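# Structure assessment
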Amino acid sequence: MDTSKFKSVISKIKTLPTLPQVFYKIIDTIEMPDSSAKDVKNTIKRDQSVSAQILKVANSALYGHSREITDITMATVLLGFDMIKSIALSVSVFSSFPKTENNSTRFDRELFWIHSMASAEAAVIIADKIGYQKKDQAFIIGLIHDIGKVILDYYFSPDYKIIVTKVRQENCLIRNAEIETLNFDHSLTGGWLGEQWKFPESILSSIKFHHRVNEAPKEFIEEVIISHIADIIARSAEIGSGGDYNIPKISDIVFKKTDLNQEVIELIVQQLITKKTEIEEFFELLN
Ligand SMILES: [Fe+2]
Ligand SMILES: [Fe+2]
């Protein structure tokens, strides 16, 4: 892969979006769940924009509570801490990237975030099926597996416009159009962003190798498998779009390394389809 263009563009990026503290606090709790649960709640409370979004979701028709939910403690009691954390993670990631005004590339950011959320939900179901204990980490892995596309859309917009057009004309995978046009793909830019954001190696690997499971480091194979199939399951469930409407083949490694089979995958797809409206409405609320 010739990455000279990548290097020349990223060397010119002066400011990058940052993630709210809440995101990192939740990452901290993955290894030490009990000690930092309180910290997460306090960090959420201190972040006005994240708290406001959580309350908006908590008070929406989606959850149908008759009483008005006025603070994070009450929201945690009514929706559960897991739900609060996934809302906080999603809000953190969506709000970090400014909306582009003219959308010169025609990459559909809204469908993209919906695809990301669907992949996050899929990742949690997969984690459950393969006995992967770190549910929050699985959620994050699904949520950000394609984050490199936002970097391409934003910082490489003339090229991304060509890429998006190519996908529309040829109905190919967006990743293939990226490689043909740029000589690298969104897993490279996503991995790079994850490094700037100081993500742990496990999450970095899940971004970098989600389309190249065979090259994944052994110690993070579970994380890579989760991101790889979460994407394919979200595509199969037809929720949102990561930029194209094709369904890639699942790597054989998945079936060698886990107990998953095509039947279980299909069940997960069906389970995800039942959440389609919830995911789409959730995104509408945050918008
Ligand atoms: Fe991808
Ligand atoms: Fe994807």
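The preceding data block contains the structure.
Moving on to the packing of helix 5 (residues 72-79) against helix 6 (residues 81-96). Where helix 5 contacts helix 6, the two axes come as close as 6 Å, and the packing angle between them is 120°. With respect to helix 6, the element helix 5 is oriented oblique. Taking contact as the criterion, the partners of Ala75, Thr76 and Leu79 in helix 5 are, on helix 6, Phe81, Met83, Ile84 and Ile87. Within the contact of helix 5 with helix 6, the residues separate by chemical class into 6 nonpolar, 1 polar and no charged.

Time to look at the pattern of salt bridges. Summed over all chains, the structure comprises 16 salt bridges. Residues Asp136 and Lys85 are paired through a salt bridge, measuring 2.8 Å at the closest nitrogen-oxygen approach. Of the two residues, Asp136 is situated in helix 8 (residues 135-144) and Lys85 in helix 6; the sequence distance between them amounts to 51 residues. Residue Arg235 pairs with Asp244 through a salt bridge whose shortest N-O separation is 2.8 Å. In this structure, a network of salt bridges that share partners links the residues Asp82, Lys85 and Asp136.

Here we come to the packing of aromatic side chains. Geometry of an aromatic ring pair is reported as the spacing of the ring centres plus the angle between the planes. Summed over the entire model, instances satisfying the criterion amount to 14 aromatic pairs. Look at Phe6 and Phe184: their rings are 5.3 Å apart centre to centre, the planes differ by 65°, and that puts the pair in the edge-to-face class. Note that Phe6 is positioned in helix 1 (residues 4-10) and Phe184 in the loop between helix 11 (174-182) and helix 12 (186-196), a separation of 178 residues in sequence. One exposure class covers both Phe6 and Phe184, and it is buried. Summarising the aromatic geometry, the rings of Phe94 and Phe283 are spaced 5.5 Å apart at their centres and angled 75° between planes, so their arrangement reads as edge-to-face. With Phe94 in helix 6 and Phe283 in helix 17 (residues 276-286), this pair connects stretches of sequence that are 189 residues apart. Accessibility assignment for this pair places Phe94 and Phe283 in one class, buried. Aromatic ring contacts, followed pair by pair, group Phe23, Tyr24, Phe94, Phe97, Phe107, Phe112, Trp113, Tyr160, Trp197, Phe199 and Phe283 into a single cluster. The cationic tip of Lys41 hangs over the ring face of Phe81; the distance from NZ or CZ to the ring centre is 5.1 Å.

Two elements in contact, helix 3 (residues 33-46) and helix 6, have axes whose closest approach is 12 Å; the angle formed by their N-to-C orientations is 50°. In this view, helix 3 runs oblique relative to helix 6, as classed from their interaxial angle. Once helix 3 is placed against helix 6, the crossing between them reads as left-handed. Contact with helix 3, carried on its side by Ala37, Val40, Lys41 and Ile44, involves Phe81, Ile84, Lys85 and Ala88 of helix 6 and no other residues of that element. Of the residues belonging to the contact of helix 3 with helix 6, the class tally is 6 nonpolar, no polar and 2 charged.

The subject of this paragraph is the side chain of Ser227. Turning to its location among the elements, Ser227 is positioned in helix 14 (residues 221-236). Here Ser227 falls in the buried class, since its relative accessible area comes to 0%. Separated by 2.8 Å, the side chain of Ser227 and the backbone oxygen of Ser206 make a polar contact. Those residues within four positions of Ser227 in sequence are excluded, and the remaining contacts are Ile141, His145, Ser206 and His210.

Relative to the assigned elements, Pro17 resides in the loop between helix 1 and helix 2 (21-31). You can call Pro17 buried: its relative accessible area is 14%. When the C-alpha positions of Pro17 and Phe209 are compared, they lie 23 Å apart, and in sequence the two are 192 residues distant. Beyond its immediate chain neighbours, meaning those up to four positions away, Pro17 contacts Ser96, Phe97, Tyr155 and Trp197.

Around the iron ion (ligand 1), the donor atoms from the protein are Asp146 (OD), His186 (NE2), His210 (NE2) and His211 (NE2), and they sit 2.1 Å away. Seen from the iron ion (ligand 1), its 4 donor atoms lie at angles of 84 to 177°, and the figure they make is irregular. Here the iron ion (ligand 1) and the iron ion (ligand 2) are spaced 4.1 Å apart, linked through Asp146, which binds each one. We classify His210 as buried; its relative accessible area is 1%. Looking at His211, the relative accessible area reads 23%, which means it is partly exposed.

Here is what the cut-offs are and how they apply
Residues numbered from 1 in each chain as written. Chains lettered and ligands numbered in written order. Predicted model: local features only at pLDDT ≥ 70, side-chain atom pairs only at ≥ 80, totals over all residues. Heavy atoms only, no water. Axes fitted to C-alpha atoms, helices over the stretch in contact; angles between N-to-C directions. Helix = DSSP H or I, 4+ residues; strand = E, 2+ residues; numbered from the N terminus. Parallel < 35°, antiparallel > 145°, perpendicular 65-115°, else oblique. Contact = heavy atoms within 4.5 Å. Nonpolar A, V, L, I, M, F, W, Y, C, P; charged D, E, K, R; others polar. Salt bridge = Lys/Arg side-chain N within 4 Å of Asp/Glu carboxyl O. Phe/Tyr/Trp six-rings, centres within 6.5 Å; stacked < 30°, edge-to-face > 60°. Buried < 20%, exposed > 50% of the residue type's maximum accessible area, 1.4 Å probe, protein only. Lys NZ or Arg CZ within 6 Å of the ring centre and 35° of its normal. Left-handed = near helix turned anticlockwise from the far one by under 90°. Polar contact = N/O pair within 3.5 Å; in protein donor to acceptor, adjacent residues only side chain to side chain. Donors = N, O, S within 2.8 Å, 3.2 Å for Na, K, Ca; no water. Tetrahedral: all angles 85-135°; square planar, octahedral: opposite > 155°, others 65-115°.

Purely geometric numbers; function is a separate question.
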